[in-house]
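What follows is each chain in one-letter form.
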Amino acid sequence: MEFALLNGEIIERSQAKVDVEDRGYQFGDGIYEVIRVYNGKMFTAAEHLSRFKRSSESIGITLPFSSLELTEMLNELIIKNNLNTGNIYMQVTRGVAPRNHLFPTGNVVPTLTAYTINGVRPLENLKSGVKTILTEDIRWLRCDIKSLNLLGNLLAKQKASEQGCFEAIQHRGQDVTEGSSSNIFIVKNGTVITHESNHLILKGITKDVILNLCMKNNIPVQERTFSLAELEEAEEVFLSSTTAEVMPIIEIDGKKVKSGIPGPLTCKLQDLFQKEIERQCGVLVDNEI
Ligand code: PDD
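The rules behind these values
- Residues numbered from 1 in each chain as written.
- Predicted model: local features only at pLDDT ≥ 70, side-chain atom pairs only at ≥ 80, totals over all residues.
- Heavy atoms only, no water.
- Pairing = 2+ DSSP bridges.
- Helix = DSSP H or I, 4+ residues; strand = E, 2+ residues; numbered from the N terminus.
- Contact = heavy atoms within 4.5 Å.
- Axes fitted to C-alpha atoms, helices over the stretch in contact; angles between N-to-C directions.
- Buried < 20%, exposed > 50% of the residue type's maximum accessible area, 1.4 Å probe, protein only.
- 1 Å grid on protein atoms, 1.4 Å probe; cavity = no way out; pocket = protein on both sides within 12 Å on 5 of 7 lines; lining within 4 Å.
- Points joined across faces, edges and corners; volume = space filled by probe spheres on them.
- Nonpolar A, V, L, I, M, F, W, Y, C, P; charged D, E, K, R; others polar.
- Domains from an automatic or database assignment.

Enquirer: Help me understand the sheet that holds strand S6 (residues 111-118), please; the structure alone is not making it clear to me.
Expert: The pairing of strands in a sheet comes from backbone hydrogen bonds and takes either a parallel or an antiparallel form. With respect to topology, 6 strands assemble into an open sheet ordered S2-S1-S6-S5-S3-S4, the strand pairing being antiparallel. Since the sheet does not close on itself, it has two edges, and those belong to strand S2 (9-12) and strand S4 (41-42), each with one partner. Pairing analysis gives 2 bridges linking strand S3 (residues 30-38) to S4, with the strands arranged antiparallel. Opposite Val37, over in S4, you have Met42 as the bridge partner. Helix H2 (residues 45-58) rests against S3, S4, strand S5 (86-93) and S6 of the sheet, and its axis sits at about 175° to S3.

Given below as structure tokens:
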């Protein structure tokens, strides 16, 4: 039997239902997190929970539980669902209230849900790299909030998929921002470059792990906006996310990135990232790149 978390209680997943007037359902009025689980342990849990809090506060939702309480509940959910490798999806909405664009007044309780999804590491793609397309970034100007409103991202991802690609690299005019569900990195003269964490992108947890690994290993990094021209000339390109980790990009809009195979620095970062997973979650068995 599968279980889910609904407002602080772990119940049978099929019983975890929300009202038709939940503001998440009607307006996308809420925020979410995706947390990776390896060997039954959450990876970078504290970072995800602190972003969950930050996102909810930025839209005026007060979380009904502390990060510590949430950690305990999520760990219980992992155990109850017997999750070894996979993801936790967690979201909070402004709650249930008669439909009105205005925030509800009075005692409306946020709706908090979480459930788990089994899923192995995408080893094939991690080894061979993935193809991408370019698309104009048509999203709003608060991409730093991990909002439930993902239409812009969905349209971009769907377009990529329809062209046989894994991801869409978004750009505002000449400036590359981020993927539809990932952050984008280039390597230029041996330096790892990725968009600065401002309102135009999501401050990825994986991105921050990678930047820290670079700094600890004397790999030069720059957090700055880079252009489509720099992307096109890059020595290496990769993307990062909770589920995709450090994913080599080998093609953009039908054009190979250099020789069309994952670059050496990308592979080194994959290796360092895998070691970081093992440091936090224990040795990966039959699940390594
Ligand atoms: N997406 N940018 C966007 C727009 C994202 O949706 C994501 C993650 C990232 C990477 O963030 P992180 O490293 O913290 O996962 C960047 C998640 C995985 C999703 O929506 O499924």
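Enquirer: In this structure, what is going on with unusual backbone geometry? I would like to understand it.
Expert: You will see that Asn39, though not glycine, has its phi angle at about 50°, which is positive. Within the element layout of this structure, Asn39 appears in the loop between S3 and S4. Take Asn39: its relative accessible area is 25%, and that puts it in the partly exposed class. With a phi close to 55°, Asn82 is a non-glycine residue in the positive phi region. In this fold, Asn82 is placed in the loop between helix H3 (67-80) and S5. Taking relative accessible area as the criterion, Asn82 reaches 69% and is therefore assigned exposed.

Enquirer: Sorry if this is basic, but what is going on with the layout of surface pockets here?
Expert: Unoccupied space between atoms shows up once a probe the size of one water molecule is rolled over them. Here the largest pocket is characterised by a volume of approximately 920 Å³. Lining the largest pocket are 45 residues, and of these Tyr32, Lys146, Leu150, Asn153 and Ser181 lie nearest its centre. Class assignment of the residues belonging to the lining of the largest pocket gives a composition of 19 nonpolar, 17 polar and 9 charged. Each of domain 1 (3-118) and domain 2 (123-281) contributes no fewer than three residues to the lining of the largest pocket. Quantified by volume, the second largest pocket comes out at close to 260 Å³. In this structure, the second largest pocket is lined by 14 residues; those nearest its centre are Ala16, Val18, Gln91, Thr113 and Tyr115. For the lining of the second largest pocket, the elements supplying multiple residues, two or more each, are strand S1 (3-6), S5 and S6. Ranked by the residues each element gives to the lining of the second largest pocket, the list is headed by S6, at 4 residues. Residue classes in the lining of the second largest pocket are distributed as 8 nonpolar, 4 polar and 2 charged.

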